[in-house]
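A structural walkthrough
One-letter residues, chain by chain:
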Amino acid sequence: IQNAAWTLAAILAVTASSPSQAEDKHGWTSISSGTQYREVFYGSGDDKRRVHQLRFKSQSHQLRLLWAKDSKNKSLSAQDFRQRSGALAVVNGGYFDRDLSPMGYQRDAKRVVSPTIWREGLFGGVFAIPKGSDLPAMVMSRDDFIPENYSFAIQCGPRLVYRSKAMTGIYADPAARRTAIGVDREGRLLLMASDIDGALTFAQTQE
């Protein structure tokens with residue numbers, strides 16, 4: 001992101017091992033203990049767009065919400081957020097209004113940033129981590145979300161994939177830079193961010 005009012009950071013909570021350059025058959029490269037990174041490309045030729053992906057285990061990391069307002073700034077670049085926080089990775093955290101206040105329910109272990117569950121628009125999904133470290137993160141409908149049961153939650157949308165199946169009704173809206181978050185079948189967290197020139201529609205992001 002160029003500038004944002006707030007963002008999502010994955011903070012490494014254990015000592016990182018030496019990065020390994022070995023890739024598995026799916027292109028994932030280990031960059032620290034329990035953390036893999038890869039680049040994937042959508043399209044081809046002049047229409048080829050790069051997407052960055054990060055995969056990690058929740059037991060070895062902590063997710064935090066960072067807000068530019070905390071440092072008395074209206075907005076900060078992703079690089080500024082990362083340098084100030086010491087995060088392993090930083091991605092755009094979600095939607096915000098014209099006053100640069102976060103929209104939709106948002107909380108981490110330290111605080112509730114935005115307490116309102118939005119019942120309209122794109123905010124149909126909630127990514128949440130239940131209280132208790134032995135429980136996996138999940139993506140759910142806002143109608144099933146009970147805030148007091150979770151230590152971390154970010155309301156976002158639209159939901160693109162649910163229980164390994166593509167959600168219907170996803171449309172080819174105007175392309176933009178996209179960020180996505182999810183959980184794989186092994187319970188690992190997945191972060192995706194399109195590159196600075198990698199505008200995608202929701203339908204392309206889903207694919």
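Please read all numbers here as calculations on a predicted model, not as lab measurements.

With that out of the way, let us pick up the pattern of salt bridges. Within this structure, the stated rule accounts for nine salt bridges. A salt bridge links Arg55 to Asp24, with the nearest nitrogen and oxygen atoms 3.9 Å apart. Taken together, the residues Arg55 in strand β4 (residues 49-56) and Asp24 in the loop between β1 (6-12) and β2 (29-32) connect sequence positions 31 residues apart. With relative accessibility at 33%, the residue Asp24 sits in the partly exposed group. Salt-bridge contacts for Asp184 lead to Arg188; the nearest nitrogen and oxygen are separated by 2.7 Å. Classification of Asp184 by relative accessible area gives buried; the value is 19%. Judged by its relative accessible area of 15%, Arg188 falls in the buried class. Here the salt bridges share partners, and the residues they tie into one network are Glu39, Arg50 and Asp195.

Moving on, we get to the sheet that holds strand β10 (residues 138-141). Whether parallel or antiparallel, the strands of a sheet pair through hydrogen bonds between backbone atoms. Spatial strand order, β8-β7-β11-β9-β10: five strands in an open sheet with antiparallel pairing. Strands with a single pairing partner mark the edges of an open sheet, and in this sheet they are β8 (112-114) and β10. Both strand β9 (residues 125-130) and strand β11 (residues 150-156) contribute to a ladder of six bridges, which runs antiparallel. Note that in β11 the partner of Pro130 across the bridge is Tyr150.

Taken in spatial order, the five strands line up as β2-β3-β4-β15-β14 in an open sheet, and their pairing is antiparallel. Of all strands in the sheet, those with a lone pairing partner are β2 and β14 (179-183), marking the two edges. Sheet twist, expressed as the average angle between the axes of neighbouring strands with direction ignored, equals 25°.

Conventions used here
- Residues numbered from 1 in each chain as written.
- Predicted model: local features only at pLDDT ≥ 70, side-chain atom pairs only at ≥ 80, totals over all residues.
- Heavy atoms only, no water.
- Salt bridge = Lys/Arg side-chain N within 4 Å of Asp/Glu carboxyl O.
- Helix = DSSP H or I, 4+ residues; strand = E, 2+ residues; numbered from the N terminus.
- Buried < 20%, exposed > 50% of the residue type's maximum accessible area, 1.4 Å probe, protein only.
- Pairing = 2+ DSSP bridges.
- Axes fitted to C-alpha atoms, helices over the stretch in contact; angles between N-to-C directions.

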